[in-house]
Amino acid sequence: MTILTAAVVLGVLIFVHELGHFLVAKRSGVGVLKFSLGFGPKLIGIKRGETEYLLSAFPLGGYVKMIGEDPGDESAEAVDPKRSFSRKGVGTRARIILAGPAANLLLPVAIFWGIFTFAGQPYFLPIVGTPEKDSPAAQAGLAAGDEVKALDGRPIARWEEIKAAVQASSGRALRLTLVRSGQTVEMSVTPRAMKTRDVFGQEIEAWDLGLHPLLSTRIGQVLPGQVAQQAGLQIRDRIVALDGTPVAEWEQLAKAIHASPGRAVRLTVERGGQRFDVTVTPQPTKQRTATGEEEIGLIGIGPAPESQYRRLNPLAALTAGLKNTVDLSVLIVQGFVKLVEGKISPKTIGGPILIGQMAGEVAQRGPVELLSFTALLSINLAILNLLPIPILDGGHLMFSLIEWFRGKPVSLRKREIAQQVGLVLLVGLMIFAFYNDISRLVGWP
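All residue numbers refer to positions counted from 1 along the written sequence of the respective chain. For a predicted model such as this one, the threshold for reporting local features is a pLDDT of at least 70, and the threshold for listing and counting side-chain atom pairs is 80 or more; totals across whole chains, interfaces and linings nevertheless cover every residue. Excluded from the side-chain calculation are hydrogens and water; included are all heavy atoms of the structure.

Student: What is the right way to read the overall build of the protein from this model?
Tutor: Within the protein, the secondary structure is distributed over 11 helices and 18 strands. C-alpha extents for the protein along the principal axes are approximately 80 × 50 × 40 Å. The contact criterion used is simple: two residues touch if any of their non-hydrogen atoms lie within 4.5 Å. Residue pairs in contact within the protein that sit at least 24 positions apart in sequence constitute 59% of those at least 6 positions apart. Here the accessible surface of atoms and residues is derived via Shrake-Rupley with a 1.4 Å probe, and residues count as covered only by protein chains that are part of the display. Of the roughly 23900 Å² of accessible surface on the protein, 61% is carried by carbon and sulfur atoms. Counting from the N terminus, the helices are DSSP H or I runs at least four residues long and the strands are E runs at least two residues long.

Encoded structure:
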């Protein structure tokens, strides 16, 4: 199922990308000779009109072969200005080149629109978990299970509204209206400025109350090759005790595991109405903190999403889908930049094996999770293809822009050399990604 899921996801992304090139090329009057999913030897082929539609042996990509695409082609069709790609104006060629990445950016908009319209937009209820020790929330008297109903008199329905209000407070005291055991409670709490880390592990300063939403101890993620998977833990398992001590929320469980690097702990697991014990030894792991570096224990699990879902009308869903796509695109671009700057380890780069593992994992969580993962991969594919590397769409676009500035194309010889360099870079990146994937599987450092 993992292999099948990965093949379907990658196949959809490749098809959408090549379909973008194909449709804009056809609309621009350029002849298309081949539309292929995959590279290499043909497995299946059907010809309709001038175009042969192919399924090829190697599934890690695809291509659209257009008339006149090869700069060295001097055949009658290739020099026909009405049908040849290379004889079209710079603007037309740029549109055809951009159509593939653009299709991959439109796909997540459509996916998020469908999710938000029919399944709903996910959000956390404003119910708090156990506050961090000595945090403003703990000092103010907040407790696990408190439900925030209003903040400074403004009604609160989602956890994200609390986070936004805290960041916008600039340290100003906030008045919370809570419901606790059926009683309404009012209290004031002042956010603290503290150093934390963003999604890239970079240190930033933010306002904080020491609060997080209440999460149960149900497992939503089991990382491949890690301690939990080796011990037989599965998605949807619920951990009810650690070393005989009951655990009711994820933060409590995580802290206990973090505090046990290299020491065996006994987990009581609930699965299908049955309970059993599993012994695991958290892997000692160095973690950077605001005050330095500390060693914590990890077993490779993550919490199950306990989001609520709110259906949006089609127009609101489209707006939210566009925002989600833009936000993720910005985040991915920032990730690429930080990778080049050396601020993110190159070991984070993954290849088809990692994609396959993740696809199989999210498929177990349901169709919404799988669709969201597909949207994220589609954005990654679009941005990767826009990098100015010869052989990628971004490289072809770069040559078109140079031609537009110079008023004449780059010489054939220079383009051939650039394509060879681009091919070496791309193959090198793929080999490195495969190496990282295999390292994760076998546990290489």
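Student: Explanation requested: unusual backbone geometry in the structure shown.
Tutor: Where the residue is not glycine, phi is negative for most of them; where a peptide bond is considered, it is trans in most cases. At Asp134, a position not held by glycine, the phi torsion is positive, near 65 degrees. Within the secondary structure, Asp134 is located in the loop between β3 (121–123) and α3 (136–140).

Student: What is the right way to read the packing of helix α1 (residues 2–27) against helix α8 (residues 352–365) from this model?
Tutor: The description of two packed helices rests on the angle between their axes and on the distance between the axes. Between α1 and α8, the least distance of the axes is 8 Å, while the angle of their chain directions is 105 degrees. The angle between α1 and α8 places the two elements in the roughly perpendicular class. Contact residues: α1 offers Thr2, Thr5, Ala6 and Leu10, while α8 offers Ile355, Gly356, Gln357, Ala359, Gly360 and Ala363. Grouping the constituent residues of the contact of α1 with α8 by class yields 5 nonpolar, 5 polar and no charged. Fitted lines through C-alpha atoms serve as axes, helices being fitted only where they are in contact, and the angles separating the N-to-C directions of these axes extend from 0 to 180 degrees. In this scheme, roughly parallel covers angles under 35 degrees and roughly antiparallel covers those over 145, while 65 to 115 is roughly perpendicular and the rest are oblique. Amino acids are sorted into nonpolar (Ala, Val, Leu, Ile, Met, Phe, Trp, Tyr, Cys and Pro), charged (Asp, Glu, Lys and Arg) and polar (every other residue, Gly among them).

Student: Looking at this structure, I do not really get a nonpolar patch on the surface. What am I missing?
Tutor: Patch members must show over 30% relative accessible area and no salt bridge, and they are joined within 9 Å when carrying like charges or within 5 Å when they are nonpolar side chains of Val, Leu, Ile, Met, Phe, Trp or Tyr. A pair is scored as a salt bridge if a Lys or Arg side-chain nitrogen falls within 4 Å of a carboxyl oxygen belonging to Asp or Glu. A surface patch of nonpolar side chains, about 490 Å² in accessible area, is lined by Leu60, Met430, Phe434, Ile438, Leu441 and Val442. Sort the elements by how many residues they give to the nonpolar patch and helix α11 (residues 412–442) lands first, with 5 residues.

Student: Before we go on, may I ask you to explain the sheet that holds strand β12 (residues 245–246) in this structure?
Tutor: Whether parallel or antiparallel, the strands of a sheet pair through hydrogen bonds between backbone atoms. Strand order in the open sheet made by the 4 strands is β12-β11-β13-β14, with antiparallel pairing throughout. Pairing within the sheet leaves two strands with one partner each, and these edge strands are β12 and β14 (274–280). By definition, two strands form a pair when at least two bridges between them are found by DSSP. As judged from the 7 bridges shared by strand β13 (residues 265–271) and β14, these two strands associate in the antiparallel manner. Within β14, the position partnered with Glu270 by the bridge is Arg275.

Student: Help me understand the pattern of salt bridges, please; the structure alone is not making it clear to me.
Tutor: Where charged atoms from two side chains of opposite charge approach closely, those side chains can pair. Under the defined criterion, the tally for this structure stands at 19 salt bridges. Taking the shortest distance from any N to any O, the salt bridge between Glu270 and Arg238 comes out at 3.1 Å. Of this pair, Glu270 sits in strand β13 while Arg238 sits in strand β11 (residues 238–242), placing them 32 residues apart in sequence. Since its relative accessible area comes to 23%, Arg238 is described here as partly exposed. Where Glu270 meets Arg275, a salt bridge forms, and the shortest distance between an N and an O atom there is 3.2 Å. Bridged by salt links that share partners, the residues Lys26, Glu50 and Arg83 form one connected network. Relative accessibility decides the category of a residue: with a 1.4 Å probe and only protein chains considered, values under 20% of the type maximum give buried, values over 50% give exposed, and everything between is partly exposed.

Student: What is the right way to look at the packing of aromatic side chains in this model?
Tutor: Two aromatic rings, taken as a pair, are described by how far apart their centres are and by the angle between their planes. Centre distance within 6.5 Å is the pairing criterion for rings of Phe, Tyr and Trp, where only the six-membered ring of Trp is used; planes under 30 degrees apart are then read as stacked, over 60 as edge-to-face, and the remainder as tilted. Counted by the stated rule, this structure contains 8 aromatic pairs. Between the aromatic rings of Phe39 and Tyr63, the centroid separation amounts to 6.1 Å while the plane-to-plane angle is 10 degrees, which identifies the pairing as stacked. Of this pair, Phe39 sits in strand β1 (residues 32–48) while Tyr63 sits in strand β2 (residues 51–66), and the two are 24 residues apart along the sequence. Following the ring pairs from residue to residue traces out a cluster consisting of Phe15, Phe22, Phe35 and Tyr53.

Student: Could you clarify how one ought to interpret the pairing of strand β4 (residues 147–151) in this entry?
Tutor: Regular strands place their side chains on alternate faces of the sheet. Note that β4 and strand β6 (residues 174–180) share 4 bridges and pair antiparallel. Along β6, the bridge assignment pairs Leu151 with Leu176. Both β4 and strand β5 (residues 154–155) contribute to a ladder of 2 bridges, which runs antiparallel. Residue pairing in the sheet places Ala150 in a bridge with Pro155 of β5. Where β4 folds back onto β5 in an antiparallel hairpin, the turn is made up of 2 residues, including Asp152, whose phi is positive at roughly 55 degrees.

Student: So what exactly am I meant to see when it comes to α8 here?
Tutor: Note on helix geometry: an α-helix contains 3.6 residues per turn, so any two residues three or four positions apart are oriented the same way. In this scheme, a helix's expected span is set at 1.5 Å multiplied by one less than its residue total. Taking 1.5 Å of rise per residue, 14 residues should cover 20 Å, and α8 covers 20 Å from first to last C-alpha, within 8% of that figure. Taken residue by residue, α8 has Leu354, Gly356, Gln357, Ala359, Gly360, Glu361 and Val362 as its buried positions. Looking at the packing, one finds that the buried side of α8 touches α1, β10 (219–222), α9 (367–385) and α11. Gly366, located one to two residues past α8, shows a positive phi value of around 120 degrees.

Student: It is not clear to me how the nonpolar core should be interpreted in this structure. Could you clarify?
Tutor: A general tendency of soluble globular proteins is for nonpolar side chains to be buried together. Of all hydrophobic cores here, the largest spans 21 residues; its most connected members are Leu233, Leu267, Ile299 and Ile301. Looking at this core, the elements that each hand over two or more residues are β10, α5 (227–231), β11, α6 (250–258), β13 and β14. Among the elements that take part in this core, α6 stands out by supplying 4 residues, more than any other. Look past the residues within four positions of Ile299 in its chain and what remains in contact with it is Gln226, Val227, Ala228, Leu233, Ile257, Leu267, Val280 and Pro282. Counting 18 residues, the second-largest nonpolar core is a separate cluster that includes Ala6, Val16, Leu107 and Ala375. To form a nonpolar core, buried Ala, Val, Leu, Ile, Met, Phe, Trp, Tyr and Cys residues must be joined to one another through side-chain atoms within 4.5 Å.

Student: Is there a simple way to explain the confidence of the model for the protein in this structure?
Tutor: Fine structural detail should not be taken from predicted coordinates in areas where pLDDT scores are low. Per-residue confidence for the protein gives a mean pLDDT of 90; residues scoring 70 or more make up 97%. pLDDT gives the predictor's per-residue confidence on a scale running from 0 to 100. Looking at the elements of the protein, mean pLDDT is at its lowest for strand β15 (residues 283–289), recorded as 77, and at its highest for helix α2 (residues 90–119), recorded as 97.

Student: Can you walk me through the layout of surface pockets in this structure?
Tutor: We place a 1 Å grid over just the protein atoms. Points where a 1.4 Å probe fits but has no way out form a cavity, open points with protein on both sides within 12 Å along at least 5 of 7 lines form a pocket, and any residue with an atom within 4 Å of a point lines it. Grid points are joined across faces, edges and corners, and a volume is the space filled by probe spheres set on the points. Space inside the second largest pocket adds up to approximately 310 Å³. Of the residues assigned to the lining of the second largest pocket, the class counts are 4 nonpolar, 7 polar and 4 charged.

Student: Quick question: what am I supposed to make of the environment of Ser439 here?
Tutor: Locating Ser439 in the fold gives a position in helix α11. Judged by relative accessible area, Ser439 falls into the buried class, the value being 7%. Between the C-alpha atoms of Ser439 and Lys347, which are 92 residues apart in sequence, the distance is 9.3 Å.

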